[in-house]
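Observations on chain architecture
So the chains spell out like this:
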Amino acid sequence: MAMKAVLFDLDNTLFDFATAHKQSLIALAEYGESRFDVPARRFLLAYQQADRQLKQEQPLVAACHNRIIIAQRMLELLGLPSIVTPLELYETYWGTMLRSIKPREGAVELLSRLHHQRIRTGICTDMTAHIQHRKIAALGLAGYLDAMVTSEEAGVEKPNPKIFLDCLNKLNVKPNEAVFIGDSFERDVCGAHAAGLIPFWLNVAGAKAPKVNFPYKELHSLKEIL
């Protein structure tokens, strides 16, 4: 059966989220030192604690990724004003990231080729819809994409098959007519397989592949598909 669609993860697949995240945390630490005279290390430890707490309290839902909720919680942990101030932290974090991110090498060329070949493209991502749309706009990829489903919209997070199937439904494509490309083996590869798609693992870091009883393709660069 001919391939009709290619679905992608967004963070750490179409751009280097990990590096951008570190830069955004540095900006948060600088904000904490200048605004509240809180040492950078203490400020970042509070961020990590807030992040862990929310993921424990709200597992597998998009709200656990919401930086404004994380900011509110970290300020509460530090005994600092937690009303209005989270907005400033939110914009500091995401503003820093959106100004710095660039598509991974090969991403634009791949999406452009798929677009011109009339192969449908979509995003399946664990995050709130608002910021994912802002990332896509900042990356300049919106014109190449046909649909997106976030975990906020789907009500579940990867590897739950629903998020993949919801995106396929938007594209009017069957699972066996599509492939999925993502960086997380558990969330992306296993999730895509469970939904019936052909999984491609973008293993940029060269991690050791887990042992599984289903086929998948391993990539070390998006350029390999080209």
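Just above, that's the structure.
Nothing here was measured: the structure is a model prediction, and the numbers come from that model. (Residues numbered from 1 in each chain as written. Predicted model: local features only at pLDDT ≥ 70, side-chain atom pairs only at ≥ 80, totals over all residues. Heavy atoms only, no water.)

Focus on the packing of helix H1 (residues 17-36) against helix H4 (residues 85-100)
Helices that pack against each other are described as a pair by the angle of their axes relative to one another and the distance between those axes. The line we're drawing: Lines fitted to the C-alpha atoms define the axes, with helices restricted to the stretch that makes contact. Angles between their N-to-C directions range from 0 to 180 degrees. In this description a helix means any DSSP run of H or I spanning at least four residues, a strand means any run of E spanning at least two, and both kinds are numbered starting from the N terminus. To sort the angles, those under 35 degrees are grouped as roughly parallel, those over 145 as roughly antiparallel, those from 65 to 115 as roughly perpendicular, and the leftovers as oblique. Take the far helix as the reference: if the near one is turned anticlockwise from it by less than a right angle, the crossing is left-handed, and if turned clockwise, right-handed. Any two residues whose heavy atoms approach within 4.5 Å at even a single point are treated as in contact. Think of it as three bins: nonpolar holds Ala, Val, Leu, Ile, Met, Phe, Trp, Tyr, Cys and Pro, charged holds Asp, Glu, Lys and Arg, and polar takes everything else, Gly as well.
Here H1 crosses H4 at 140°, and the two axes come no closer than 8 Å. Considering the angle they form, H1 stands oblique to H4. The handedness of the crossing between H1 and H4 is right-handed. Here Phe-17, Ala-20, His-21, Gln-23, Ser-24, Leu-25, Ala-27, Leu-28, Tyr-31, Arg-35 and Phe-36 of H1 come into contact with H4, specifically with Thr-85, Glu-88, Leu-89, Thr-92, Tyr-93, Trp-94, Thr-96, Met-97 and Ser-100. Looking at the contact of H1 with H4 residue by residue, the class counts come to 11 nonpolar, 7 polar and 2 charged.

Notes on a nonpolar patch on the surface
Defined as follows: A residue counts toward a patch only above 30% relative accessible area and without a salt bridge, and it is joined to like-charged neighbours within 9 Å or, for Val, Leu, Ile, Met, Phe, Trp and Tyr, to nonpolar neighbours within 5 Å. Note on areas: Shrake-Rupley with a 1.4 Å probe; residue coverage comes only from the protein chains shown. Salt bridges are defined as contacts in which a side-chain nitrogen from Lys or Arg sits within 4 Å of a carboxyl oxygen from Asp or Glu. For every residue, the accessible area obtained with a 1.4 Å probe (protein chains only) is divided by the maximum for its type, and the residue is called buried under 20%, exposed over 50%, and partly exposed between those limits.
On the surface, Ile-83, Val-84 and Leu-87 cluster together into a nonpolar patch covering about 320 Å² of accessible area. Along the chain, Ile-83 falls in the loop between helix H3 (67-78) and H4. Using a relative accessible area of 66% as the deciding quantity, one classes Ile-83 as exposed.

Regarding the packing of aromatic side chains
The following threshold applies: When the centres of two rings from Phe, Tyr and Trp lie within 6.5 Å, Trp using its six-membered ring, the rings pair. Their planes under 30 degrees apart give stacked, over 60 give edge-to-face, and anything left gives tilted.
Enumeration according to the criterion identifies 9 aromatic pairs in this entry. Ring centres of Tyr-93 and Trp-94 lie 4.7 Å apart, and the angle between their planes is 85°; this geometry places the pair in the edge-to-face category. Like Tyr-93, the residue Trp-94 is buried in the burial classification. Note on Phe-185 and Tyr-216: the rings are 5.0 Å apart at their centroids and 85° apart in plane angle, and the pair reads as edge-to-face. A residue pair is termed long-range when its members are at least 10 positions apart, and Phe-185 in helix H9 (residues 185-194) and Tyr-216 in the loop between strand E5 (198-202) and strand E6 (217-219) qualify at 31 residues. Residue classification places Phe-185 among the buried positions, given a relative accessible area of 9%. Through a chain of ring-to-ring contacts, three or more aromatic side chains come together here, namely Phe-185, Trp-201, Phe-214 and Tyr-216.

In short, geometric facts, not functional conclusions.
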